[in-house]
Amino acid sequence: MVGGGILAIPTVCAGPGFYPAAALTICLWAANVGTGLLLGEVAAAAVRRGDEDVSLRALSRDALGESGAQLTSAFFVITNLMLMGAYVAAGGDALGSADGYVGHRIAFFLAATLLAGAPSVLADAANSGLVVAMVGALGALLVLAAPSVDLSLLAQPGTASEPGSALMTAAPILLGALVFQNVVPIIAKRFKGDTAKIRESVVLGSAAPAVAYIAFCASVLGRPGEAAAPGELLDAARGLPDELRGPACAALAVFSVTAVATSFTGAAVGQLEEIRGLVGDDDDSSNEAIVAAACFLPPLALALSGPNVFLPLLSLTGGYANTYLFGLLPCLLAWKHREASEAGEEILPGGRYSLSALGSGAATMVVSAGLGDAAHAISTAVPHV
């Protein structure tokens, strides 16, 4: 759950203000927990039936047929494509200034691609080391920033003239940063369908990163400093004394690079699997070359398409793809599962009321994102007509 999306949180929360944004973060976390529990309920039932494959695609095939499985795969490919492009952009910018961003992003892309394509033993060891470095750097950053945080600044209104609109803009990015549901089927299989362990893992395992997100946001917005330029990230080391700014910037650089590197690796592994499933599982070297090219070249093209692509890509992913995969789809799967005669314990209480509430919320976010993007497109196009 902790990954490159955390870097965008202070920036998108500055508009509506800390407390409204923190409340929205908690609400979205609760919604993700709800859909995560629904997904755990369906996956646990599949494990107890003896199914070997409990991936989201397999669960979609069981409940919605082959067309449902293909739609899920398509959303996964789109999600991973946009996320990998966003992570390459953020990782490259963390290596150097946005001026001449192309070289930095290509350098990060090459390093991250080598990591993602390394043998599993080496990749796992490297990824574990990066996670340790990421957590350590985040802890160091929070400790360094804590004495400079002014709580009264957190209570001030946000920088946006329309806080409600700013909350709607922040929602897709916050939702995407809080996503963890893709690992729930793995958890269900590891715990052999034990609903109590699945519930505990989902709730407690996701709560810790959510608290870390809010703390990181507070540590940045609780210090005075300049607002971010349009399309750019807020300086997470702003407002620190000169003697602390150097160490804080170093910790921030380590945290940024490791966060997006681990996120890129995770997305790349999933993308390779999805593309192999689309082109076939042959071990032919030419086939593998096609898979690798289809996996890595489109995200690189996205990352190099402009200097300020990180936030828009995260917004598109959270507003559409993630909302379907981890919002609407778990509700559909749980609804079909509970209609079946073998439906057992409901991990998420509330029956169809909870399913309807979560599904309606996901649908509302998709509609809101669509209307917002349409309004932006119209406002941009009209002056040129």
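Analysis parameters
- Residues numbered from 1 in each chain as written.
- Predicted model: local features only at pLDDT ≥ 70, side-chain atom pairs only at ≥ 80, totals over all residues.
- Heavy atoms only, no water.
- Helix = DSSP H or I, 4+ residues; strand = E, 2+ residues; numbered from the N terminus.
- Rg over C-alpha atoms; globule rule 2.2 N^0.38 Å.
- Buried < 20%, exposed > 50% of the residue type's maximum accessible area, 1.4 Å probe, protein only.
- Patch = residues over 30% accessible without salt bridge, like charges linked within 9 Å, V, L, I, M, F, W, Y side chains within 5 Å.
- Areas by Shrake-Rupley, 256 points an atom, 1.4 Å probe, with all protein chains shown as cover.
- Salt bridge = Lys/Arg side-chain N within 4 Å of Asp/Glu carboxyl O.
- Core = buried A, V, L, I, M, F, W, Y, C linked by side-chain atoms within 4.5 Å.
- Contact = heavy atoms within 4.5 Å.
- Axes fitted to C-alpha atoms, helices over the stretch in contact; angles between N-to-C directions.
- Parallel < 35°, antiparallel > 145°, perpendicular 65-115°, else oblique.
- Nonpolar A, V, L, I, M, F, W, Y, C, P; charged D, E, K, R; others polar.
- Left-handed = near helix turned anticlockwise from the far one by under 90°.
- Phe/Tyr/Trp six-rings, centres within 6.5 Å; stacked < 30°, edge-to-face > 60°.
- Expected span 1.5 Å × (residues − 1).
- Polar contact = N/O pair within 3.5 Å; in protein donor to acceptor, adjacent residues only side chain to side chain.
- Arc of directions from axis to C-beta.
- Lys, Arg positive; Asp, Glu negative; His and termini not counted.
- Disulfide = S-S within 2.5 Å.

A. Highlighting the overall build of the protein chain. Within the protein chain one finds 13 helices and zero strands. Helices and strands appear in the protein chain in the N-to-C order α-α-α-α-α-α-α-α-α-α-α-α-α. For the protein chain, whose C-alpha radius of gyration is 21 Å, the value lies close to the compact-globule estimate of 21 Å for 385 residues. When the backbone C-alpha atoms are referred to their principal axes, the protein chain occupies close to 65 × 50 × 50 Å. Going through the 385 residues of the protein chain one by one, you find that 45% of them count as buried.

B. Spotlight on a nonpolar patch on the surface. On the surface, a nonpolar cluster with roughly 220 Å² of combined accessible area is contributed by Val102, Ile106 and Leu110. With respect to the element layout, Val102 can be found in helix H4 (residues 101-117). Val102 gets classed as partly exposed once you look at its relative accessible area, which sits at 36%.

C. The arrangement of the nonpolar core in detail. Within the largest apolar cluster, 72 residues are counted, with the highest numbers of intra-cluster contacts made by Phe264 and Phe296. With near-sequence residues (within four places) excluded, Phe296 lies in contact with Met84, Phe109, Thr113, Ala116, Phe264, Ala268 and Leu272. With 30 residues, the next largest nonpolar core counts Leu39, Leu56, Phe326 and Leu333 among its residues.

D. Fine view of the packing of helix H7 (residues 163-177) against helix H12 (residues 310-339). It is at 7 Å that the axes of H7 and H12 come closest, and there the two elements cross at 75 degrees. Considered as vectors, H7 and H12 are oriented roughly perpendicular to each other. Touching Pro172, Ile173, Leu175 and Gly176 of H7 are Leu311, Leu314, Ser315, Gly318, Gly319, Asn322 and Thr323, all from H12. Of the residues belonging to the contact of H7 with H12, the class tally is five nonpolar, six polar and no charged.

E. Molecular detail of the pattern of salt bridges. Taken as a whole, this structure holds 11 salt bridges when the rule is applied. When the shortest N-O distance is used, the salt bridge between Glu52 and Lys189 registers 3.9 Å. Here Glu52 is found in the loop between helix H2 (18-49) and helix H3 (56-95), whereas its partner Lys189 is found in helix H8 (residues 184-190), with 137 residues between them in sequence. Given a relative accessible area of 62%, Glu52 falls into the exposed group.

F. A look at the packing of H3 against H12. Two elements in contact, H3 and H12, have axes whose closest approach is 9 Å; the angle formed by their N-to-C orientations is 160 degrees. With respect to H12, the axis of H3 lies roughly antiparallel. Helix-helix and strand crossings are classified by hand; for H3 and H12 the assignment is left-handed. Residues that form the contact of H3 with H12 fall into these classes: 22 nonpolar, six polar and one charged.

G. Spotlight on the packing of aromatic side chains. Taken as a whole, this structure holds five aromatic pairs when the rule is applied. Their ring planes at 70 degrees and their centres at 5.1 Å tell us that Phe18 and Tyr19 sit as a pair that is edge-to-face. Where Phe75 meets Tyr324, the ring centres are 4.4 Å apart and the plane angle is 25 degrees; that geometry is what we call stacked. Here the residue Phe75 occupies a position in helix H3, and Tyr324 occupies one in helix H12, the gap between them amounting to 249 residues. Residue classification places Tyr324 among the buried positions, given a relative accessible area of 11%.

H. Focus on unusual backbone geometry. Residues other than glycine seldom take positive phi values, yet Lys192 does so here, at roughly 55 degrees. The topology assignment puts Lys192 in the loop between H8 and helix H9 (195-221).

I. Structural detail: H9. In a regular helix each residue adds 1.5 Å, so 27 residues correspond to 39 Å; H9 covers 39 Å between its end C-alpha atoms and thus fits that length. If you check the start of H9, you find a side-chain oxygen 3.1 Å away from the backbone N of Ala196, and it comes from Asp194.

J. Examining the environment of Ala140 more closely. With respect to the helices, strands and loops of the structure, Ala140 is situated in helix H5 (residues 120-145). The class of Ala140 is partly exposed, set by a relative accessible area of 32%. As a C-alpha pair, Ala140 and Pro247 span 107 residues in sequence and 8.9 Å in three-dimensional space.

K. Representation of the side chain of Gln181 in the model. Relative to the helices and strands, Gln181 is located in the loop between H7 and H8. Residue Gln181 is classed as buried on the basis of its relative accessible area of 0%. Leaving out residues up to four positions away in the same chain, Gln181 has contacts with Asn32, Thr35, Gly36, Leu39 and Phe326.

L. Representation of H4 within the structure. Taking 1.5 Å as the rise per residue, H4 with 17 residues should run 24 Å; its terminal C-alpha atoms sit 24 Å apart, in good agreement. Within the sequence span of H4, burial applies to Tyr101, Arg105, Phe108, Phe109, Ala112, Thr113, Leu115 and Ala116. Seen along its axis, H4 keeps its buried residues to an arc of 155 degrees; they face one direction. Exposed side chains of H4 directed beyond 90 degrees from the buried face belong to Leu114 and Gly117.

M. Representation of the side chain of Arg223 in the model. With respect to the secondary-structure elements, Arg223 resides in the loop between H9 and helix H10 (242-279). Although Arg223 is buried, it forms no salt bridge, and the closest oppositely charged side chain is Asp235 at an N-O distance of 6.8 Å. The residues touching Arg223, leaving out its near neighbours within four places in the chain, are Ala145, Ser148, Val149, Leu153, Ala236, Ala237, Arg238, Gly239 and Leu240.

N. The state of the cysteines, seen in detail. Throughout the structure, instances matching the rule amount to zero disulfides. Among the cysteines around Cys249, which has no disulfide bond, Cys217 carries the closest sulfur, lying 18 Å off. You can see Cys331 has no disulfide; the closest cysteine sulfur is in Cys27, sitting 16 Å from it.

None of the figures reported here should be taken as evidence of function without further support.
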